[in-house]
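Each chain is listed here by its residues.
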Amino acid sequence: MRGRKELLCSSHHHWKQVISSLTEQRKSGRLFHWLLPMALKEGLSNATRARLDSPLWSTHACRVRKRIFWQMTVCALGLLVLLLYWFPVRNLELLIPLDVCPSATMALLKDNFTGDLRLWNRPDVLTCTSWKAPIIWDGTFDPDIAQREVRRQNLTIGLTVFAVGRYLEKYLKRFLESAEKHFMVGQRVVYYVFTEQPAAVPRLALGPGRQLRVEFVVRERRWQDVSMARMRTLHEALGGRLGREAQFVLCMDVDQHFTGSFGPEVLADSVAQLHAWHYRWPRWLLPFERDARSAAALARHEGDFYYHAAVFGGSVAALRRLTAHCAQGLRLDRARGLEARWHDESHLNKFFWLYKPAKVLSPEFCWSPEIGRRAEIHHPRLLWARKEYAEVRD
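J.: Just to check I follow, could you spell out the environment of Lys-356 for this structure?
T.: Tracing the sequence through the fold places Lys-356 in the loop between helix H11 (344-354) and strand S11 (359-361). Among the residues examined, Lys-356 registers a relative accessible area of 32% and is labelled partly exposed. Expressed as a C-alpha distance, the spacing of Lys-356 and Ala-272, which sit 84 residues apart in the sequence, is 9.0 Å. Sequence-distant contacts of Lys-356, defined by excluding residues within four places in its chain, comprise Trp-131, Ser-270 and Asp-304. At 2.7 Å, the side chain of Lys-356 and the side chain of Asp-304 are in polar contact. Here the side chain of Lys-356 touches Trp-353 through a polar contact of 2.9 Å, landing on its backbone oxygen.

Spelled out as structure tokens, the structure:
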């Protein structure tokens, strides 16, 4: 009997110490850190589990869980911000592998102006299309051969640009000055500047065999209309003096400037430019016109690449067909009360889907500095100017 009393007293004393210790640990905020090793070491008796089920313990555990949750959330958001700062979302496209041209196709492709192309020099990128047209990258051609071929054929090359409204004062001078340094150097060139302000076009000292023509155009009410009207204007010009003076013509946007050699290697019967912002994207993500009511519409399974309307060109005859197609499509859309997503560029992409270009220029020939560095872009030839639409668009 006495032994039983002593055992009960001892047990009572033990649990009194446990409860006292729990209370102290709770007050100091170390209850969880103290209790877990004790539980692992000694096990939890029914009495201890009963105490853990008390409202006091449940409230504290809930607070601990909430604090841990918010700490982890803040840390995750901080890491995400740092990740986006050093690795912007659009850089995720770097995870998309670039296609490459089959070796058998590389050996077969030739070019009218550069002879045998060295497509195998760029195994890191796609250098051919499914219809066996070359995609011109730095290192795939011999520029000297192209220069000699243009002189042999005694060609004159046209370069058209539209400088309307504030685009003239902001971009045209730099565009022309950089063209004199880098565009078809040593070749006969005729610049065609279309503007509603002929007197404001800067007069530059041009090299031998190079001329500047200024053509008046009526200013459209909206910048979208300026963009879309150029196909009609180009078609008329190609049927007039421009078509008689030049054998090949390149059409460009004015809000860009040349930074590297842009020579006869770009010439072909029809020339399209890969869009710098979309050349890595899969077809289903490309911004083709998808409204089936539009003359520019492409179905989900249609489209090869997304081409940039900032650079396109070809022979006079081929450009006449292109501009006629786009002008007609724009007229049809307007009659239906429609406007394609990317205006004349949408119609240009529809044309090149129906009538494949003979040559495709890599994004090196028209690059946007805002994209940042890309390993495959060795020598950009033409750079976009910083877009300031609020300033130049009425």
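More follows now that the structure is in view.
J.: So what exactly am I meant to see when it comes to the environment of Gly-303 here?
T.: Assignment of secondary structure puts Gly-303 in the loop between strand S9 (270-274) and strand S10 (307-315). Under the relative-accessibility criterion, Gly-303 is labelled buried at 2%. Separated by 50 residues in the primary sequence, Gly-303 and Trp-353 have C-alpha atoms spaced 5.6 Å apart. Among residues more than four places away in sequence, those in contact with Gly-303 are Arg-283, Phe-288, Leu-298 and Trp-353.

J.: Please clarify how the packing of helix H10 (residues 316-335) against H11 should be interpreted in this entry.
T.: A pair of packed helices is captured by two measures, namely the crossing angle of their axes and the spacing between those axes. Contact pair H10 / H11: the axes reach a minimum separation of 9 Å and the direction vectors enclose 125°. Judged by the angle between their axes, H10 and H11 are oblique. In this structure, H10 crosses over H11, and the sense of that crossing is right-handed. Of H11, the residues touching H10 (which contributes Arg-321, Leu-322, His-325, Cys-326, Gly-329, Leu-330 and Asp-333) are Asp-344, His-347, Leu-348, Lys-350, Phe-351, Phe-352 and Leu-354. Grouping the amino acids of the contact of H10 with H11 by side-chain chemistry returns 7 nonpolar, 3 polar and 4 charged.

J.: Explain the pairing of strand S4 (residues 156-162) here, please?
T.: Where a strand is regular, its side chains alternate between the two sheet faces. Among the 7 residues in S4, 7 count as buried, and that is most of the element. Neither face of S4 is exposed, since Thr-156, Gly-158, Thr-160 and Phe-162 on one face and Ile-157, Leu-159 and Val-161 on the opposite face are all buried. Two elements, S4 and strand S5 (residues 188-195), share 7 bridges in a ladder whose sense is parallel. Within the sheet, the bridge partner assigned to Gly-158 lies in S5 and is Val-190. For the handedness criterion, the β-α-β arrangement of S4, helix H7 (residues 166-182) and S5 is classed as right-handed. Pairing of S4 with strand S7 (residues 248-252) involves 5 bridges; the strand directions are parallel. By the bridge assignment for S7, Leu-159 is matched with Leu-250.

Here is what the cut-offs are and how they apply
Sequence order as written defines residue numbering, which begins from 1 separately in each chain. Note on the predicted model: pLDDT of at least 70 is required for a residue's local features to be given, and 80 or more for side-chain atom pairs to be given and counted; whole-chain, interface and lining totals, by contrast, use all residues. Excluding hydrogens and water, the side-chain values take into account all heavy atoms of the structure. Think of it this way: any DSSP run of H or I at least four residues long counts as a helix, any run of E at least two long counts as a strand, and we number them from the N terminus. Buried, partly exposed and exposed residues are distinguished by accessible area as a fraction of the type maximum, computed with a 1.4 Å probe on protein chains only: under 20%, between the cut-offs, and over 50%, respectively. Throughout, a residue-residue contact means that at least one pair of heavy atoms, one from each residue, lies within 4.5 Å. What qualifies as a polar contact is a pair of N or O atoms within 3.5 Å, subject to a donor-acceptor requirement within protein and to the restriction that residues adjacent in sequence count only when both atoms come from side chains. Lines fitted to C-alpha atoms define the axes here, with helix axes fitted over just the stretch in contact, and angles between the N-to-C directions of these axes take values from 0 to 180 degrees. Each angle gets one of four labels, with under 35 degrees taken as roughly parallel, over 145 as roughly antiparallel, 65 to 115 as roughly perpendicular, and the rest as oblique. Definitions for this section: a left-handed crossing has its near helix turned counterclockwise from the far helix by less than a right angle. A right-handed crossing has that turn clockwise. Under the scheme applied, nonpolar residues are Ala, Val, Leu, Ile, Met, Phe, Trp, Tyr, Cys and Pro; charged residues are Asp, Glu, Lys and Arg; polar residues are all the others, including Gly. A pair of strands is treated as paired once DSSP finds two or more bridges between them. With the strands aimed away from the viewer, a crossover counts as right-handed if its path from the first strand over the helix to the second runs clockwise.

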